[in-house]
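Coordinate analysis (summary)
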Amino acid sequence: MPAVKGDGMRGLAVFISDIRNCKSKEAEIKRINKELANIRSKFKGDKTLDGYQKKKYVCKLLFIFLLGHDIDFGHMEAVNLLSSNKYTEKQIGYLFISVLIGAGSDLMKLVIQAIRNDLTSRNPVHITLALQCVANIGSRDMAEALGSEIPRLLVSGDTIDAVKQSAALTLLRLLRTSPDVISMGEWTSRVIHLLNDQHMGVVTSATSLIEALVKKNPEEYKGCVSLAVSRLSRIVTSSYTDLQDYTYYFVPAPWLSVKLLRLLQNYPPPEDPAVRTRLTECLETILNKAQEPPKSKKVQHSNAKNAVLFEAINLIIHMDSDPNLLVRACNQLGQFLQHRETNLRYLALESMCLLATSEFSHEAVKKHQETVITALKTERDVSVRQRAVDLLYAMCDRTNAEEIVGEMLEYLETADYSIREEMVLKVAILAEKYAVDYTWYVDVILNLIRIAGDYVSEEVWYRVIQIVINRDDVQGYAAKTVFEALQASACHENMVKVGGYILGEFGNLIAGDPRSSPIVQFQLLHSKYHLCSPATRGLLLSTYIKFVNLFPEIRTQIQEILRSNNNLRNSDVELQQRSIEYLQLSNIASTDVLATVLEEMPPFPERESSILAKLKKKKPSTISEPEQAKEQIKLPQAQISNNIEPLTIPTQGESSTDDGFEQTPASTGSVDLLGLGTPTSSSAPAIGGGDAGILLDVFEALGSGNPSTNATPNGLDANGLTMGAEENFRKFICKNNGVLFENDLLQVGVKSEYRQNLGRAKHVGSFVEGGAQVQQMFNAECLQEFTEAPVFTIQYLYSGTQQKITLKLPVTVNKFLEASQMDSSIFFQRWKALSQPSQESQRIFKAKFPMDTEQAKAKIIGFGLSCLDGIDPNPDNFVSAAILHTSNQQVGCLVRLEPNKQAQMYRLTVRASRDKVAKILCDLLEIQF
Amino acid sequence: MIKFLLLINKHGQICISKHYQHLEQEDRQRLEKELIGICLKRGNKKSSFLEYHDFILVYRCYLDLFFIAGITKDENEMAIYEFFHLILETLDKYFPKLSEVDIQFNLDKVHMILDEMIINGNIVETSPARILAPIELLDAAKR
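Residues numbered from 1 in each chain as written. Chains lettered and ligands numbered in written order. Predicted model: local features only at pLDDT ≥ 70, side-chain atom pairs only at ≥ 80, totals over all residues. Heavy atoms only, no water.

**A word on the overall build of chain A**
To keep things clear, this is the line we draw: Strands here are runs of E lasting at least two residues and helices are runs of H or I lasting at least four, both read from the DSSP assignment and numbered beginning at the N terminus. With a 1.4 Å probe rolled over the protein chains alone, any residue whose accessible area is under 20% of its type maximum counts as buried; one over 50% counts as exposed, and the rest are partly exposed. In short, Shrake-Rupley with a 1.4 Å probe defines the accessible areas, and a residue's cover is counted only from the protein chains shown.
Along the backbone of chain A there are 39 helices and 16 strands. Counting only residues that meet the buried cut, chain A has 56% of its 929 residues in that class. Carbon and sulfur atoms form 50% of the exposed surface of chain A, whose accessible area is close to 40200 Å².

Take a look at the structure:
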């Protein structure tokens, strides 16, 4: 039996052996239950257990838990162990608690008391144990009880190294879980100097803490840059004997170097020339070392060296300012591309992807194109091939697009299923972006459909149609090519869709050739009809009616198909309706009417490709867009990601006209395509046999500026918003759900929810008649504070006239507030800390609503603030605190509202840790009272 | 940061599982099971880094022991990969002729060593002598 190291708790060793010898799961459970019963009886027994016994049983319980069984007793005994003076007993107690007691446990008060005792003890080993326990649990209660003690330990001069080390990371944990509780006192200015600490372990843990602080407030900790650079410099230039135990296989302090290099990536290149030179020297030294012969043949040596090297390259890419370093980095990675270690090839491909986005090194990266293409073809590991695809995508530009796209298409035929969809999107984007000749683009997309039809999403084939419609120089070519592609005996349904659509629009351009005469085109398409899904069949029916207009000579054949029982009595309502209507249309309408109704589609408004959005959604962080990466539109500063969904709602309207076709212009299959286009009156379809069709398209109007050629200016206010929208909008400042807009046709409701810096709003649009509802989901992320809410527009057709409503999305900055609680001492301490003039905003204003205390309170809470009692000496005053969550940082906000009932006036004071926020909140709050 | 660290024996049984971000017990078990499957299947020949949902998986296999960690994207893959080796060497220093059995029998000690090396998913200490100092102190106290 292998020994349990240290003090032999024999009973435990026997127990563990027993478990390991169990032949089956049942036997194991049986043995464990026996042991549990034994321990339970010991704990319940009258005999008081001594420390050793308690420890033994608690240890057994811990072991049982770690084997994956539930433990529902023994917690109290573990807590008792905490107050033992014996290190071994205390240690088991803390271990048990860290692993098994959650933040919400009833015992937490006792645990915290024990921790407090240990923290104030003079025994560093006990302090470290207590700190580690706080770091593991990190609950809010702990932050509140110990939040002031830990910073003191961290920066105090007489704390020993090991304690400092634990204190740094314990503090980091508390800052993460309860940022508002930890007071940013005097210690913050001293914390960066820990980078200078003699002890490497302290520097290692302090670097993590500092990086977290820097992420919140880079400006305040700017001083750490020069300290980090000088520390790094001392490490990289040290000989491997200098750092003793921190040298790992001849590499000086690799993990610390990595952390320091990462810390520096939070800042732009240093401004101070001396610091900058020193940093450049460090980076050069690291690059030089990679070229030197290795000091050891051991893989550990090269791994550690390369870890530092990769992080240095990341920093070089991040600074993106020194062409010399960038090119050197690129050459170094180029060597790794051919290295025999898979891991290095993987990482080299990954880093090169970033290098390709820098203007200084883009060309240098392109030199490795052949190697990358070879990697794509020969790598045995799909995750490496995936990286190669990413890199090819990143290095692609106008000069090599044709080759890269060609290679990717070729690879697609054999590519792993897991990466096909993403590759299709990438190929589609590259082909569009770098197309000089759009016939090439059409070829690429049709090839995509041919090779990987199943993975071609709607966005991709919508886009090709959009482009063909908008560019008349490729229409003839597109028609010819799809016609040829459709000749294949088995072609993908997506090909039929594209083919159907394009021939319906531009079939006439190739009809002169007897090999693709009208009847041949029609028969070719119809030969696929029965194999297709209802949606595609619907599209084809529209193509047929378009043919009636384009090629009057085949009208009878088409009518025959429309009249067939299979269509006219199809169980699918949509197909049935289309058949009936198209048949009627072809019978009744004169040539002129037909020509007008079935006119060629008008060009789509230019807009950003939805493919890109889809790709971003798929892989949010790894997509480096070749050129647009840095120019994200940030206006207004709440980003709305919006899935545009076209919605068609046929209703039993009262506006039926005799022939029912007056307002049904030509739009073959536009039902499928509306997601792409802003509906203009000539492209709004919805064919309603005798009924009015109403099409509702909720689309995004975020700075994309679609001026909507024929919007009827029905009652817009000064801001371009529909009348009444502004007032309703104000109501939403303090609530999340309700009716945003209402007139006699349409009601727009909103349901929204917010979590920190993320929000989601659901718009519920409904009809007065029938009460049908449609939903549109918006996701919002608060990047930084903003004043203007995003605007959106709803357009729909009613009684043949275009209706347009412009509304503000009820997203205001206060939605991203999180109320926080604090007592008066902390409140006033923070209040005083925010004393800069720019941090405060004050208003004195007349009450616009009755001054009711309960209502005011409800509004404050609805606004996202807390209502803190017992802080202001005057009980009539309201005092609140909250944190504003944005993607970049968290902003502390404090509010004081003082009503004066005699004068019917309020005084409102807001203080916030970020400029402008106070004013914005003040503006929003003022109109509520 | 490191989101979690798993030590697996060659039969795919979990010896140590440390999570530095809260996960419900159920999700945790499902995740662990899935990851073990993936890593055992990939073996030694393929790249040790793998994108997995929203994090990166780093793993390394030794004779009878597997290290698996999930790390956030800003963490350095190679540094973590090599950190596994540092863990192994440190354990080896404490348990001469380290085998998987030593870990099973001394879970508390292994947890302690790991707690000295990683707190909250951040690397704290990389000097084996200093990592082992408190635990050796402990052993000395018992004798």
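**Here's the deal with the overall build of chain B**
Per the secondary structure count, chain B includes five helices and seven strands. Along chain B, helices and strands appear, N-terminal first, in the series β-β-α-β-β-β-α-α-α-β-β-α. Counting every position in chain B, which comprises 143 residues, the buried fraction comes to 68%. Carbon and sulfur atoms make up 51% of the accessible area of chain B, which totals about 5500 Å².

**A short note on the side chain of Lys259 of chain A**
The condition that has to hold: His is not counted, nor are the chain ends; Lys and Arg add positive charge and Asp and Glu add negative charge. Think of a salt bridge as a Lys or Arg side-chain nitrogen and an Asp or Glu carboxyl oxygen that are within 4 Å of each other. Counting of polar contacts relies on pairs of N or O atoms within 3.5 Å, with two restrictions inside protein: one atom must be capable of donating a hydrogen and the other of accepting it, and residues adjacent in sequence are counted only when both atoms are side-chain atoms.
Note on placement: Lys259 of chain A falls in helix 14 (residues 254-264). No salt bridge is formed by the buried Lys259 of chain A. Its closest oppositely charged neighbour is Glu75 of chain B, at 7.4 Å. There is a polar contact of 2.7 Å between the side chain of Lys259 of chain A and the side chain of Ser208 of chain A.

**Notes on the pattern of salt bridges**
In this structure the tally under the stated criterion is 41 salt bridges over all chains. For Arg471 of chain A, the salt bridge is made with Asp473 of chain A, and the minimal N-O distance between the two is 3.7 Å. Overall, the relative accessible area of 31% leaves Arg471 of chain A in the partly exposed class. Put simply, Arg28 of chain B and Glu32 of chain B hold a salt bridge, and the shortest N to O gap is 3.9 Å. Highlighted residues: Arg28 of chain B and Glu32 of chain B, both in helix 1 (residues 25-42), separated by four residues, approximately one helical turn. Of the residues examined, Glu32 of chain B reaches a relative accessible area of 6% and is grouped as buried. When salt bridges with common partners are traced through the structure, they connect Arg387, Asp390, Glu422 and Lys426 of chain A together with Glu51 of chain B into a single cluster.

**Regarding the interface of chain A and chain B**
Here is the rule: Residue contacts are defined here by distance: any two heavy atoms, one from each residue, within 4.5 Å place the two residues in contact. Buried area is calculated as the accessible area (1.4 Å probe) missing from two parts once they are joined, with the contributions of both summed. Note that Gly is not counted as nonpolar here; it falls among the polar residues with everything else outside the nonpolar set of Ala, Val, Leu, Ile, Met, Phe, Trp, Tyr, Cys and Pro and the charged set of Asp, Glu, Lys and Arg.
Listed as interface residues are 64 residues of chain A and, on the opposing side, 54 residues of chain B. When chain A packs against chain B, the two sides together hide about 5300 Å² of surface, and 54% of this comes from carbon and sulfur. For the pair chain A and chain B, the number of links is three salt bridges. One salt bridge in this structure joins Arg387 of chain A and Glu51 of chain B, with 2.5 Å as the shortest N-O distance. When residues in the side of chain A that touches chain B are grouped by element, the largest group, eight residues, is from helix 10 (residues 161-177) of chain A. Split into classes, the residues belonging to the side of chain A that touches chain B amount to 27 nonpolar, 21 polar and 16 charged.

**What about the sheet that holds strand 1 (residues 2-9) of chain B?**
Residue and element names in this part refer to chain B. Just so we agree on the cut-off: Paired strands, in this sense, are two strands between which DSSP finds at least two bridges. Here an axis means a line fitted to C-alpha atoms, over the contact stretch when the element is a helix, while the angle between two N-to-C directions is reported on a 0 to 180 degree scale.
If you walk across this open sheet you meet the five strands as 2-1-5-4-3, and the pairing is antiparallel. Either end of the sheet is taken by a strand with one partner, and the two such strands are strand 2 (14-19) and strand 3 (49-52). On average, adjacent strands in this sheet sit at an angle of 15 degrees to one another, irrespective of strand direction. Note that strand 3 and strand 4 (residues 55-61) share four bridges and pair antiparallel. Looking across to strand 4, one finds that Tyr52 is bridged to Phe55.

**Looking at the packing of aromatic side chains**
For clarity, the threshold we go by: Between the rings of Phe, Tyr and Trp (Trp by its six-membered ring), a pair exists once the centres lie within 6.5 Å; its type follows the angle of the planes, with under 30 degrees stacked, over 60 edge-to-face, and the other angles tilted. Our definition puts a charge over a ring when NZ of Lys or CZ of Arg is within 6 Å of the ring centre and also within 35 degrees of the ring normal.
Taken as a whole and assessed by the stated rule, the structure comprises 26 aromatic pairs over all chains. With a centroid separation of 6.0 Å and an interplanar angle of 90 degrees, the aromatic rings of Phe43 of chain A and Tyr57 of chain A are classed as edge-to-face. Of this pair, Phe43 of chain A sits in helix 2 (residues 25-44) while Tyr57 of chain A sits in helix 3 (residues 51-66), placing them 14 residues apart in sequence. Assessed through its relative accessible area of 15%, Phe43 of chain A is described here as buried. The exposure class assigned to Tyr57 of chain A is buried, which follows from its relative accessible area of 5%. Considering the side-chain rings of Phe49 of chain B and Tyr81 of chain B, the 5.9 Å spacing of their centres and the 80 degrees angle between planes classify their relative orientation as edge-to-face. Here Tyr81 of chain B lies in helix 2 (residues 77-94) and Phe49 of chain B lies in strand 3, a separation of 32 residues in the sequence. Linked through ring pairs, Tyr248, Tyr249 and Trp255 of chain A together with Phe83 of chain B together constitute an aromatic cluster. Positioned over the ring face of Tyr393 of chain A is Lys426 of chain A, at 5.3 Å from the centre of the ring. When the ring centre of Tyr81 of chain B is taken as origin, the NZ or CZ atom of Arg60 of chain B, which lies over that ring, is 4.2 Å away.

**Some thoughts on the sheet that holds strand 16 (residues 905-912) of chain A**
Picture the strands of a sheet paired through backbone hydrogen bonds; they go either parallel or antiparallel. All names here are of chain A. Taken together, five strands build an open sheet; the order of strands is 12-14-15-16-13 and the sheet is antiparallel. The open sheet has two edge strands, strand 12 (817-819) and strand 13 (840-846), and neither has a second partner. Across the sheet, the axes of successive neighbouring strands diverge by a mean angle of 25 degrees, strand direction being ignored. In terms of strand pairing, strand 13 meets strand 16 through seven bridges, oriented antiparallel. Its bridge partner lying in strand 16, Gln842 is registered against Thr909. Taken strand by strand, helix 38 (residues 853-862) contacts strand 14 (878-885) and strand 15 (890-900), and its axis lies near 15 degrees from that of strand 14.

**Some words on the confidence of the model for chain B**
What counts here: As a per-residue quantity, pLDDT reports the predictor's confidence and falls between 0 and 100.
Looking at chain B as a whole, the pLDDT averages 87, with 98% of positions reaching at least 70. In the model of chain B, helix 5 (residues 128-142) of chain B stands out as the element of lowest mean pLDDT, 82, in contrast to helix 2 of chain B, which has the highest, 94.

**So, the packing of helix 18 (residues 342-355) of chain A against helix 2 of chain B**
As a reminder of what qualifies: Each angle receives one of four descriptions, namely roughly parallel if under 35 degrees, roughly antiparallel if over 145, roughly perpendicular if within 65 to 115, and oblique otherwise.
Where helix 18 of chain A contacts helix 2 of chain B, the two axes come as close as 11 Å, and the packing angle between them is 155 degrees. In terms of axis orientation, helix 18 of chain A runs roughly antiparallel to helix 2 of chain B. Taken together, the residues of helix 2 of chain B that come into contact with helix 18 of chain A (itself represented by Asn343, Leu344, Tyr346, Leu347 and Glu350 of chain A) are Glu77, Met78 and Tyr81 of chain B. Within the contact of helix 18 of chain A with helix 2 of chain B, the residues separate by chemical class into five nonpolar, one polar and two charged.

**Notes on the confidence of the model for chain A**
Residue and element names in this part refer to chain A. With 84% of its residues at a pLDDT of at least 70, chain A reaches an overall mean of 80. pLDDT under 50 marks residues 620-715. Its contacts with residues more than four places away, or in other chains, come to 220 contacts. Within the model, pLDDT remains below 50 along residues 766-770, and this stretch shows 15 contacts once partners closer than five positions in the same chain are excluded.

**As for the packing of helix 22 (residues 401-412) of chain A against helix 24 (residues 438-452) of chain A**
Residues and elements named next belong to chain A. Short version of the rule: Each crossing gets its hand from how the near helix is turned against the far one by less than a right angle, where anticlockwise is left-handed and clockwise is right-handed.
At a minimum axis separation of 10 Å, helix 22 and helix 24 run at an interaxial angle of 15 degrees. It follows that helix 22 is roughly parallel to helix 24 by the angle criterion. As helix 22 runs across helix 24, the sense of the crossing is left-handed. Only Trp440, Val444, Asn447, Leu448, Ile451 and Ala452 of helix 24 make contact with helix 22, whose side of the interface consists of Ala401, Glu402, Val405, Leu409 and Leu412. Residue composition of the contact of helix 22 with helix 24, grouped by class: nine nonpolar, one polar and one charged.

**Some words on unusual backbone geometry**
Residues and elements named next belong to chain A. Despite not being glycine, Phe250 shows a phi value in the positive range, around 70 degrees. With phi around 45 degrees, Asp320 is a residue other than glycine that occupies positive phi space. With respect to the secondary-structure elements, Asp320 resides in the loop between helix 16 (299-319) and helix 17 (323-337).

**Overview of the environment of Val214 of chain A**
All names here are of chain A. Summarising the element assignment, Val214 is placed in helix 12 (residues 200-216). Between the alpha carbons of Val214 and Gln889 there is a distance of 10.0 Å; along the sequence they are 675 residues apart. Ignoring any residue separated from it by four or fewer positions in sequence, one finds Val214 in contact with Tyr221, Cys224, Leu263, Asn266 and Tyr267.

**Here we look at the pairing of strand 5 (residues 65-71) of chain B**
Residues and elements named next belong to chain B. The buried count for strand 5 comes to seven of seven residues, which makes it a mostly enclosed element. Side chains of strand 5 alternate between two faces, with Leu65, Phe67, Ala69 and Ile71 and Phe66, Ile68 and Gly70 buried alike. Of the pairings in the sheet, the one linking strand 4 to strand 5 comprises six bridges and is antiparallel in character. Within strand 5, the position partnered with Leu57 by the bridge is Gly70. Hairpin connection of strand 4 to strand 5: three residues between the antiparallel strands.

**Topic: the state of the cysteines**
Keep this limit in mind: A pair of cysteine sulfur atoms is labelled a disulfide when the two atoms are within 2.5 Å.
Considering all chains together, one arrives at zero disulfides over all chains under this definition. Its sulfur unpaired, Cys39 of chain B is 8.4 Å from the next cysteine sulfur, which belongs to Cys61 of chain B.

**A short note on the side chain of His85 of chain B**
Considering the arrangement of structural elements, one finds His85 of chain B in helix 2. When near neighbours in sequence (up to four residues on either side) are disregarded, His85 of chain B contacts Tyr248, Tyr249 and Gln300 of chain A together with Arg60 and Tyr62 of chain B.

**Comments concerning helix 5 (residues 87-100) of chain A**
Put simply, the rule reads: Given the number of residues in a helix, its expected span is that number minus one, multiplied by 1.5 Å.
Counted at 1.5 Å a residue, the expected span for helix 5 of chain A with its 14 residues is 20 Å, and the 20 Å between its end C-alpha atoms agrees. The buried fraction of helix 5 of chain A is high, at 13 of 14 residues.

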